[in-house]
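Structural overview for review
Residues per chain, in single letters:
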Amino acid sequence: MAIGSDHAGRDHKELFKKHLEGMKVKFVDVGVAPDVEKANYPEVAIKVAKLIQAGEVRFGVLICGTGVGMAMVANRFMGVRAANCPTELVAVMARGHNDANVLTLGQRTIGPNLALAILETFLTTGFEAGRHQERINLFEDIYGTKKS
Ligand code: RB5
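Residues numbered from 1 in each chain as written. Predicted model: local features only at pLDDT ≥ 70, side-chain atom pairs only at ≥ 80, totals over all residues. Heavy atoms only, no water.

Scanning the protein from N- to C-terminus turns up six helices and five strands. For the protein, the N- to C-terminal ordering of α and β elements is β-α-β-α-β-α-β-α-β-α-α. The principal-axis extents of the C-alpha atoms in the protein amount to approximately 45 × 30 × 25 Å. Looking at the 148 residues of the protein, the share that counts as buried comes to 45%. Taking the intrachain contacts of the protein between residues at least 6 apart in sequence as the baseline, contacts between residues at least 24 apart amount to 68%. Total accessible area on the protein stands at roughly 8000 Å², and carbon and sulfur atoms take up 54% of it. Positive and negative charge centroids in the protein, built from 18 and 16 side chains respectively, lie 3 Å apart. (Helix = DSSP H or I, 4+ residues; strand = E, 2+ residues; numbered from the N terminus. Buried < 20%, exposed > 50% of the residue type's maximum accessible area, 1.4 Å probe, protein only. Contact = heavy atoms within 4.5 Å. Areas by Shrake-Rupley, 256 points an atom, 1.4 Å probe, with all protein chains shown as cover. Lys, Arg positive; Asp, Glu negative; His and termini not counted. Charge placed at Lys NZ, Arg CZ, Asp CG, Glu CD.)

Below you can see the structure in the form of structure tokens.
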């Protein structure tokens, strides 16, 4: 999986990286480095979205101040389904019903313990498919550009 944050999400990113190592989940960190004072969230979200589109990673995690900007950018990439999850229930639904492949999260809105619980829930919940896949099919190729 790929993980990235802007300056407003860098502490949670470091926390997540330690947790992922503990879970034995392999990840690539696309930045920003812990000492970066200002960063543009779109640049980070674009990096993770491109890795998913290229099939290099299956999942992504993007952290900014609120998770909102990261989700807006990532969702412009076809095949990327980013969900801003402020609770564990939203993470369960985002995976189970929406097959979200990117978790976005706000460091300024969610404390470290809840953030870790949301991360773990997101990574361990499976997609339910069936009628939910049919609904995803209704928007996945919304621009009609997918090569078959
Ligand atoms: C940075 O100040 C902040 O705007 C950004 O982290 C994020 O919350 C945007 O959605």
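Having seen the model, we can carry on.
When you line up the elements, Arg81 lands in the loop between helix H3 (68-74) and strand S4 (82-84). The exposure class assigned to Arg81 is buried, which follows from its relative accessible area of 16%. Among the polar contacts made by the side chain of Arg81, one reaches the main-chain carbonyl oxygen of Asn98 at a distance of 3.4 Å. A polar contact is formed between the side chain of Arg81 and the backbone oxygen of Asp99, at a distance of 2.9 Å. In this view, Arg81 contacts Asn75, Asn98, Asp99, Ala100, Asn101, Val102, Ile136, Phe139 and Glu140; residues no more than four positions away in its chain are not counted. (Polar contact = N/O pair within 3.5 Å; in protein donor to acceptor, adjacent residues only side chain to side chain.)

According to the stated counting rule, one finds zero disulfides in the structure shown. Residue Cys64 stays outside any disulfide, its sulfur separated by 13 Å from that of Cys85, the closest cysteine. The class of Cys64 is buried, set by a relative accessible area of 4%. (Disulfide = S-S within 2.5 Å.)

Attention now goes to the packing of helix H4 (residues 88-96) against helix H5 (residues 112-124). A packed helix pair is summarised by two numbers, namely the angle formed by the two axes and the spacing between the axes. Viewed as axis vectors pointing N to C, H4 and H5 meet at an angle of 20°, and their least axial separation amounts to 9 Å. By the angle between their axes, H4 is roughly parallel relative to H5. Note on packing geometry: the crossing formed by H4 with H5 is right-handed. Here Glu88, Ala91, Val92 and Arg95 of H4 lie close against H5, whose contacting residues are Leu114, Ala117, Ile118, Thr121 and Phe122. Looking at the contact of H4 with H5 residue by residue, the classes come out as six nonpolar, one polar and two charged. (Axes fitted to C-alpha atoms, helices over the stretch in contact; angles between N-to-C directions. Parallel < 35°, antiparallel > 145°, perpendicular 65-115°, else oblique. Left-handed = near helix turned anticlockwise from the far one by under 90°. Nonpolar A, V, L, I, M, F, W, Y, C, P; charged D, E, K, R; others polar.)

Once that is clear, we can look at H5. Under the 1.5 Å per step criterion, the end-to-end length of H5 is 18 Å for 13 residues, consistent within 8% with the ideal 18 Å. Among all positions in H5, only Ala115, Leu116, Ile118, Leu119, Thr121 and Phe122 are buried. Contacts made by the buried residues of H5 are with helix H1 (10-22), strand S3 (60-64), H4 and strand S5 (102-106). (Expected span 1.5 Å × (residues − 1).)

Moving on: the layout of surface pockets. Reported here for the largest pocket is a volume of approximately 220 Å³. Lining the largest pocket, in full, are Asn75, Arg76, Phe77, Met78, Gly79, Val80, Arg81, Phe139, Glu140, Ile142, Tyr143 and Thr145. Each residue belonging to the lining of the largest pocket can be placed in one class, and the counts come to six nonpolar, three polar and three charged. (1 Å grid on protein atoms, 1.4 Å probe; cavity = no way out; pocket = protein on both sides within 12 Å on 5 of 7 lines; lining within 4 Å. Points joined across faces, edges and corners; volume = space filled by probe spheres on them.)

Looking now at the packing of H1 against H5. Two elements in contact, H1 and H5, have axes separated by 11 Å at closest approach and are oriented at 50°. Judged by the inter-axis angle, H1 sits oblique to H5. Crossing geometry of H1 relative to H5 is assigned as right-handed. Across the interface between the two elements, His12, Leu15, Phe16, His19 and Leu20 from H1 touch Pro112, Ala115, Leu116, Leu119, Glu120 and Leu123 from H5.

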